[in-house]
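# Residue-level structure breakdown
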Amino acid sequence: MTGILFISLLVLMFIGVPIAIALGASSMVLLSYQGMPLVTVAQSVFESLDSFSLMAIPFFILAGNLMQSGGIAKRLVNLANAILGWIRGGLGGVVVLTSMFFSTMSGSSTATTAAIGSVLIPAMEKKGYPRPFGAAVAASSGELGAIIPPSIPMIVYALAANVSVASIFLAGILPGLLVGSSLILCTCVIARLRGYDLIEPITFGQWAVGVLVALKQSIFAILMPVVILGGIYSGLFTPTEASVVAVVYGLVVGLFIYRELDWRDLLDVCGRSALTTAIILIIVAFAAIFAYMLTINRVPHMLGALITGISDNPLVFLLIINVALFLIGMFLETLAAIIILAPILAPAATQFGIDPIHFACIMVVNLAVGMVTPPVGVNLFVACQVANVRMEQLMRPLFIFLGVLVLDLLIITYVPALSTFFLP
Amino acid sequence: MNKNKTLTYETGSWFACPGRSFVVYMDRLNSLVTKLCGVAMLGMVLCVVAGILTRFVFSHMQYDLSLPWTEEVSRYLMIWVVFLGAAVAARKGKLIGVQVLVYALPRGLGAGLKYLSILMSLAFYLILIWVGLEWAELGRTQGSPVLEIPMATTYSAMSVGFTLSVLNTLALVYEAVKSRVGILGAEEDDEIASALAETKA
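## Overview of the overall build of chain B
Helix and strand content of chain B: 8 helices and 0 strands. Of the regular secondary structure in chain B, the N- to C-terminal order runs α-α-α-α-α-α-α-α. Burial statistics for chain B: of 201 residues in total, 48% are counted as buried. Once local pairs closer than 6 in sequence are excluded, the contacts in chain B between residues at least 24 apart make up 71%. Within the structure as shown, chain B displays about 10100 Å² of accessible surface, and the carbon and sulfur contribution to it stands at 67%.

## A look at the interface of chain B and chain A
Facing 62 residues of chain B, the contacting portion of chain A comprises 67 residues. Run the count over chain B and chain A and you get 1 salt bridge. In this structure, Asp50(A) and Arg75(B) form a salt bridge, with 2.5 Å as the shortest nitrogen-oxygen distance. On inspection of chain B and its partner chain A, the count reaches 3 residue pairs in polar contact (both at pLDDT 80 or more). Elements with a minimum of two residues in the side of chain B that touches chain A: helix 1 (18-60), helix 2 (68-90), helix 3 (100-104), helix 4 (107-138), helix 5 (152-155), helix 6 (157-179) and helix 8 (190-200) of chain B. Sort the elements by how many residues they give to the side of chain B that touches chain A and helix 1 of chain B lands first, with 14 residues.

## Points about helix 5 (residues 72-84) of chain A
For helix 5 of chain A, which comprises 13 residues, the first-to-last C-alpha distance of 19 Å matches the rise-based estimate of 18 Å (1.5 Å per residue) to within 8%. Those residues of helix 5 of chain A that sit buried are Ile72(A), Ala73(A), Arg75(A), Leu76(A), Val77(A), Leu79(A), Ala80(A) and Leu84(A).

## A closer look at the environment of Val45(B)
Mapping Val45(B) onto the fold places it in helix 1. Overall, Val45(B) belongs to the buried group, its relative accessible area being 5%. Spatially, the C-alpha atoms of Val45(B) and Glu187(B) are 31 Å apart, while their sequence positions differ by 142 residues. Setting aside its immediate chain neighbours within four residues, Val45(B) contacts Phe59(A), Leu62(A), Val244(A), Val247(A) and Val248(A).

## A few points about helix 21 (residues 391-414) of chain A
Residues and elements named next belong to chain A. When the terminal C-alpha atoms of helix 21 are compared, their 33 Å separation across 24 residues agrees well with the 34 Å that a helix rising 1.5 Å per residue should span. In helix 21, a bend of some 45 degrees at Pro397 exceeds every other bend along the element. Among the residues of helix 21, Leu394, Met395, Pro397, Leu398, Phe401, Leu402, Val404, Leu405, Asp408, Leu409, Ile412 and Thr413 are the ones counted as buried. As for helix 21, its buried residues are in contact with helix 8 (131-141), helix 11 (165-194), helix 17 (314-331), helix 19 (356-369), helix 20 (378-387) and helix 22 (416-420).

## Some details on the nonpolar core
Side chains of nonpolar character tend, in soluble globular proteins, to be buried together. Within the largest apolar cluster, 231 residues are counted, with the highest numbers of intra-cluster contacts made by Ile19(A), Tyr157(A), Ile282(A), Phe286(A), Phe317(A), Phe359(A) and Phe83(B). Looking at this core, the element that brings in the most residues is helix 15 (residues 263-296) of chain A, giving 19 residues. Other than its neighbours up to four places away in sequence, Phe317(A) contacts Ile307(A), Ala348(A), Ala349(A), Phe352(A), Ile354(A) and Phe359(A).

The rules behind the values
Residues numbered from 1 in each chain as written. Chains lettered and ligands numbered in written order. Predicted model: local features only at pLDDT ≥ 70, side-chain atom pairs only at ≥ 80, totals over all residues. Heavy atoms only, no water. Helix = DSSP H or I, 4+ residues; strand = E, 2+ residues; numbered from the N terminus. Buried < 20%, exposed > 50% of the residue type's maximum accessible area, 1.4 Å probe, protein only. Contact = heavy atoms within 4.5 Å. Areas by Shrake-Rupley, 256 points an atom, 1.4 Å probe, with all protein chains shown as cover. Salt bridge = Lys/Arg side-chain N within 4 Å of Asp/Glu carboxyl O. Polar contact = N/O pair within 3.5 Å; in protein donor to acceptor, adjacent residues only side chain to side chain. Expected span 1.5 Å × (residues − 1). Bend = angle between axes of the 7 residues up to and from the residue. Core = buried A, V, L, I, M, F, W, Y, C linked by side-chain atoms within 4.5 Å.

Here it is as structure tokens:
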């Protein structure tokens, strides 16, 4: 009977019906087949939207947009450049490091790629990097936006699989550092081998002065993650309250301290953030009725039984899941994939004795790689546009970074301690 | 007939071409609704900030003052933002979907599939307008937990939003047919468009 649900979902999705509608419509098909009233859809949609935790998503989107318009991004680039610029291949590393800083304030990968790529790709070209290489670095470091907290995919996962947002945020810290440092290492090695990025040697004193000056200029930008994450982990704020603190912080810094945001821009930024919010949350809303249909028809249970039939080894289970998610991520939007799959896979993972927070990390990291895998990868499209290169040119340098990301994913999968280290 | 590839419309040509002024008026309505959504976002921020301030500041000053309504109002504003924002997004086909097949197929076939999916979406919107009205009717007598405003004021967001979605989808189709960019050229991707908008600003 649940066959109807999945077949109608897949057919609708592949003919290009928006995912929110495909989820709602396929649930309605099964509802009417089972003789249940259609008003169940409305009930479930409003129940899922009427949630204070969900509000962290619009606020983090707004905060990210405010950061970008408010001049914070530029200062972060300067800081990262002061820290890493002296190494051969350092400028490539600067892209990654700036993405890491940026990810601690914004939950969006594409915004990170666009903001940083547009500033740094031309700078990299001047220092002898080919443009497609610059674009590939910018695109793949966008992945960090989804892993380093606060992250919108993580909030969505937490709500879909019913785990704590704060715990997933904590779990993302070390994997985020792992992915970030491996990408920095990779760019430095390639730059050295290919002879990009000639630098003049500087003394430690010059370096320290440079870093301090940049730090002074960007102090308000750097303090922000301390406020947000510190607030959440000390238990002072809920994630939603922390997200609104981020908005207020972004407003104050943009309007009064850096003064790069004016009141007229503000309504524009808010309107744009509202649209992005709606596009994400409408999927969350209709995924609720879909998840309800799955649960009352015991789909997660059946899937668990099916996979146990193949192997009862959790390591094999994780491998199967990773391969499947990687393939799905090539075609499906990260957020949509999380919303649809988390309620199905999370209970199955629990049956295998996998820590729910560790599993959350694996899923988010894996599906976020989907943003940089062809044929459908939003980060690739954005990077191509800001760097003005064609998708085919991007492929060769990109595959090296994809290899690094897959390796990181396997480490995160098979070393649970990385994700659970900070958990109580 | 508008034979230009660029989408320029003039107002006041109602009699000359009703469809074109329909698109113009829809776009005006959409920019108004977008502004309203922006204001609602600010409203949500203010409500939650007020909630935090009362919790932190007044509890330290030994006043027993909490504002439970702030949370309620912000949640209801968010619900309106979601349905109205999704409706505005429908104007440029910005709702997230899987477009691989549509673009992989030969152009004519892909466009045909796209029109089929638009037809399905319209049917979905129309059914949900009706379901939403039924649900809002149930919420007429029910009050919200704190402020006791009738739930129908929130529940009607679905029918209102999807009505706007239907109108916007028709405007998208009209524009695609008339401007000759085709249905595949008339759509935009929100995530990419907004990420790039930031960098150009």
